Amino acid sequence: MADLTQIDWVEQLNNDNNAVILDVRTQDEVDEGKIPNALHIDIYKGQGFIYEVDALDKSKNYYVYCKAGGRSAQACAVMNQLGFKNTYNLIGGFSQWTGDIE
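Here's a quick rundown of the structure. (Residues numbered from 1 in each chain as written. Predicted model: local features only at pLDDT ≥ 70, side-chain atom pairs only at ≥ 80, totals over all residues. Heavy atoms only, no water.)

In this section: the pattern of salt bridges. Tallied over the entire structure, the rule returns 5 salt bridges. Residues E29 and R71 are paired through a salt bridge, measuring 2.9 Å at the closest nitrogen-oxygen approach. Residue E29 is located in helix α2 (residues 27-31), and its partner R71 is located in helix α4 (residues 70-81); the two are separated by 42 residues in the primary sequence. The class for R71 is buried, based on a relative accessible area of 13%. Put simply, D54 and K58 hold a salt bridge, and the shortest N to O gap is 2.8 Å. On the basis of relative accessibility, which here comes to 27%, the residue K58 falls in the partly exposed class. (Salt bridge = Lys/Arg side-chain N within 4 Å of Asp/Glu carboxyl O. Helix = DSSP H or I, 4+ residues; strand = E, 2+ residues; numbered from the N terminus. Buried < 20%, exposed > 50% of the residue type's maximum accessible area, 1.4 Å probe, protein only.)

Structure below.
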């Protein structure tokens, strides 16, 4: 897992043709807006989160965010334990996001 600033996260994401953006916030938070093309899996689903994440392609690079960066760091740690090699946590999360939203 790597913690990246928004500038580094976006730059690396834009140059990564094997990237998946993963939003681990609650549905209510996602309803207020999300980063375009993000896959949503709520980390508060507990074991359900683990099942859904474990089914993802582990060869991809995952750019993970939440509201402030705490839950996404936790999600990256869980993903690494499940065998994901490349997870990138967005420092500051969506609350500090200045890019496009959908």
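Before going further, it helps to examine the nonpolar core. In globular proteins that are soluble, nonpolar side chains generally tend to be buried together. Counting 16 residues, the largest nonpolar core has V24, F49, V53, Y62, V64 and M79 as its most contacted members. Where this core is concerned, the elements lending two or more residues are β2 (19-23), α3 (47-54), β4 (61-65) and α4. Per-element accounting of this core gives the leading share, 4 residues, to α4. The residues contacting M79, other than those within four sequence positions of it, are L22, V53, Y62, V64, F84 and T87. (Core = buried A, V, L, I, M, F, W, Y, C linked by side-chain atoms within 4.5 Å. Contact = heavy atoms within 4.5 Å.)

In this section: the sheet that holds β2. Taken together, 5 strands build an open sheet; the order of strands is β1-β5-β4-β2-β3 and the sheet is parallel. Two strands lie at the open edges of the sheet, namely β1 (2-4) and β3 (39-40), each paired on one side alone. Judged from the 3 bridges that link them, β1 and strand β5 (residues 87-90) form a sheet pairing that is parallel. The partner of L4 across the bridge, within β5, is L90. (Pairing = 2+ DSSP bridges.)

Let us look at the pairing of β5. Regular strands show a simple pattern: their side chains alternate between the two faces of the sheet. Burial along β5 is two-sided: the face carrying T87 and N89 and the face carrying Y88 and L90 are both buried. The sheet contact formed by β4 and β5 spans 3 bridges and is parallel. Looking at the pairing, Y63 lines up with Y88 of β5. With α4 bridging β4 and the parallel β5, this β-α-β connection has right-handed handedness. (Right-handed = clockwise from strand over helix to strand, strands pointing away.)

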